[in-house]
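Descriptive structure summary
Residue-level listing of the chains:
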Amino acid sequence: MMADVIPTAKSTAVQEANEKIKVTRTTASQLSTVDFDHLAFGKQYADHMLVAEYDGKEWKDAAILPFGNFSVSPSNAAWHYGQAIFEGIKAYKDPQGNPMIFRPQDNYARFLSSAERMGMPAIPEWLFIGGMAKLVDLDRDWVPTGEGCSLYLRPFMIAADEFIGVRPSETYKFAIINSPSGPYFNKPIHLLVQDKFVRAFPGGVGYAKAAGNYGGVMYPTMQARQQGYDQILWVDGYEHKYLQECGTMNVFVIIGNTAITPDLSQGTILAGVTRASVMDVLTDMGLALEERPISIDEITAAHKAGTLREVFGTGTAASLSYVEQLDYQDYKMTLDTTQYQVGAEVIHRLDAIRTGRAEDTRGWNFKI
């Protein structure tokens, strides 16, 4: 029987988590019901979850419990006023079968940034990092090893006050759930450049991983899907031409021998952890990389000139997704994804690092 501590991880956060987090194991594992050869994304959940409560002063009652429902009041403040944030993180197994969480410290930093922007309390490192490591260790048999598969980790925090009034909540609930998942997109995608609706403006919450950012794009995304598109490529709200991000991904464009991705200076797009990883890998490959404003006009001109080589999205859930078609107003840009050399090499290198088949020179993997 596996111990309720993690003997190989030496960080202070993990040690503190082992001291503070109570573990109650499931007596009815659902592991045998999972077809690991045919995993969908976000459809099934591992046996356990981590939960903790904030009472207005401190985080307490941290526990790993069998996965199950919450009991929440109809007057819960998160439902009425939208104080809800989350992260997406993945765990893989190395060739020896040991779980590794990919770059959780970077997601932790972004979670703190989102919490601050939404007027929510900070999560201590022992709870976010240490608790996650403890949870993954307990559910290690749920980490799939198939190509393109991973254990998707969803940390989230919601307001917990039972109060209908417009003010920051005083109490909160934090939890982490796990989902063994296959690819988010299993084929190249079609994008519609949205120049009517707006996802984010400077000064808003576009850079935060707040639930409302996703709720606000549901209607135009639904319209786009009815037209046959997979996602929307959002542009700025002033001139309606400078690329921001897709609904679930950051975006990269390969023009000639240069990779270009929108910069973060306006605070309107998510500082993606996969985005940052891809930028490092592109640099390792020796490709010229530019982080700057890029307009849809520049992309259409490159397509007409024959220099637009690749367009792909990057994100924790989506990993790296090829764009096969990009439509802007009446202009359709079709791309031959079978010829994508840059994206293919990025995927190859990134997957090798995340699964321990290549040296992790940057210390990205948090080994359990």
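Since the model is a prediction, treat every value here as computed from it, not as a measurement. (Residues numbered from 1 in each chain as written. Predicted model: local features only at pLDDT ≥ 70, side-chain atom pairs only at ≥ 80, totals over all residues. Heavy atoms only, no water.)

1. A few points about the overall build of the protein chain
Along the backbone of the protein chain there are nine helices and 18 strands. Here the C-alpha atoms of the protein chain give a radius of gyration of 21 Å, agreeing with the 21 Å that 2.2 N^0.38 yields for 368 residues. Its C-alpha atoms put the protein chain at 60 × 55 × 35 Å along the principal axes. Summed over all atoms, the accessible surface of the protein chain reaches about 16500 Å², with 50% contributed by carbon and sulfur. The positive charge centre, built from 33 side chains, and the negative charge centre, built from 43, are 2 Å apart in the protein chain. (Helix = DSSP H or I, 4+ residues; strand = E, 2+ residues; numbered from the N terminus. Rg over C-alpha atoms; globule rule 2.2 N^0.38 Å. Areas by Shrake-Rupley, 256 points an atom, 1.4 Å probe, with all protein chains shown as cover. Lys, Arg positive; Asp, Glu negative; His and termini not counted. Charge placed at Lys NZ, Arg CZ, Asp CG, Glu CD.)

2. Focus on the packing of aromatic side chains
Think of a pair of aromatic rings as described by two things: how far the centres are apart, and how the planes are tilted against each other in angle. Applying the stated rule across the entire model yields 18 aromatic pairs. When the ring of F41 is compared with that of Y152, the centres are 4.9 Å apart and the planes differ by 65°; the resulting orientation is edge-to-face. Taken together, the positions of F41 in the loop between β1 (22-23) and β2 (48-54) and Y152 in strand β7 (residues 150-159) put the pair 111 residues apart, joining distant regions of the chain. Accessibility classification places F41 together with Y152 in one group, the buried group. Ring centres of F252 and F312 lie 5.6 Å apart, and the angle between their planes is 20°; on these two criteria the pair is classed as stacked. In this pair, F252 is assigned in strand β12 (residues 250-255) and F312 in strand β15 (residues 308-315), connecting sequence segments 60 residues apart. As far as burial versus exposure is concerned, F252 and F312 are alike and both buried. Among the aromatic residues, those joined into a cluster by ring pairs are Y54, W59, Y108, F111, F128, Y172 and F174. In this structure, R167 packs its charged tip against the face of F163, placed 4.1 Å from the ring centre. Note that R354 overlies the ring of F102, its terminal NZ or CZ placed 5.8 Å from the centroid. (Phe/Tyr/Trp six-rings, centres within 6.5 Å; stacked < 30°, edge-to-face > 60°. Buried < 20%, exposed > 50% of the residue type's maximum accessible area, 1.4 Å probe, protein only. Lys NZ or Arg CZ within 6 Å of the ring centre and 35° of its normal.)

3. Describing the confidence of the model for the protein chain
Of the residues in the protein chain, 97% have a pLDDT of 70 or more, and the chain-wide mean is 95. The low-confidence segment residues 1-9, where pLDDT is below 50, has 24 contacts with residues more than four positions distant or belonging to other chains. (pLDDT = per-residue confidence, 0-100. Contact = heavy atoms within 4.5 Å.)

4. Focus: unusual backbone geometry
Of note in the backbone geometry, R103 takes a positive phi value of approximately 55° without being a glycine. Tracing the chain through its elements places R103 in the loop between β6 (99-102) and α3 (104-117). Even without being a glycine, Q329 presents a positive backbone phi close to 55°. As for its position among the elements, Q329 is in the loop between β16 (319-328) and β17 (331-334).

5. Structural notes on the domain arrangement of the protein chain
When the domains of the protein chain are assigned, the result is domain 1 (10-183) and domain 2 (189-355). Taken together, the contact between domain 1 and domain 2 spans 23 residues of the former and 23 residues of the latter. Of the roughly 1900 Å² buried where domain 1 meets domain 2, counting both sides, 61% is carbon and sulfur surface. Across the contact surface, domain 1 and domain 2 share zero salt bridges. For the pair domain 1 and domain 2, the interface holds 11 residue pairs in polar contact (both at pLDDT 80 or more). Of all the elements in the fold, those that place two or more residues in the side of domain 1 that touches domain 2 are β4 (84-86), β5 (89-93), β6 and α3. The leading source of residues in the side of domain 1 that touches domain 2 is α3, at six residues. Across the side of domain 1 that touches domain 2, the residue classes tally to 11 nonpolar, four polar and eight charged. (Domains from an automatic or database assignment. Buried area = accessible area lost by both parts, 1.4 Å probe. Salt bridge = Lys/Arg side-chain N within 4 Å of Asp/Glu carboxyl O. Polar contact = N/O pair within 3.5 Å; in protein donor to acceptor, adjacent residues only side chain to side chain. Nonpolar A, V, L, I, M, F, W, Y, C, P; charged D, E, K, R; others polar.)

6. Quick look at the UniProt feature "modified residue: N6-(pyridoxal phosphate)lysine" (unreviewed entry) in the protein chain
Summarizing the sequence annotation, UniProt attributes the feature "modified residue: N6-(pyridoxal phosphate)lysine" (unreviewed entry) to K209 in the numbering used throughout. Within the element layout of this structure, K209 appears in the loop between β9 (189-194) and α5 (211-215). For K209, a relative accessible area of 11% puts it in the buried group. If sequence neighbours within four positions are ignored, K209 has contacts with I85, F86, E87, G88, R110, S114, Y214 and L270. (UniProt positions renumbered as here; feature names shortened; annotations may be inferred.)

7. Looking at helix α9 (residues 342-354)
Here α9 contains 13 residues, and its C-alpha end-to-end distance of 18 Å stays within 8% of the 18 Å for a straight helix at 1.5 Å per residue. Listed as buried for α9 are V342, G343, V346, L350, A352, I353 and R354. Downstream of α9 by a residue or two, G356 has a phi angle that is positive, lying close to 75°. (Expected span 1.5 Å × (residues − 1).)

8. Examining helix α4 (residues 125-138)
Look at α4: 19 Å from first C-alpha to last across 14 residues, which is about the 20 Å you get at 1.5 Å a residue. The largest bend in α4 comes to about 30°, at G131. In terms of residue burial, α4 counts as a mostly covered element, since 13 of its 14 residues are buried. (Bend = angle between axes of the 7 residues up to and from the residue.)

9. Digging into the environment of R110
Turning to its location among the elements, R110 is positioned in helix α3. You can call R110 buried: its relative accessible area is 9%. When the C-alpha positions of R110 and R140 are compared, they lie 25 Å apart, and in sequence the two are 30 residues distant. Ignoring anything within four residues of it in the chain, the contact list for R110 reads E87, K209, L270, A271, G272 and V273.

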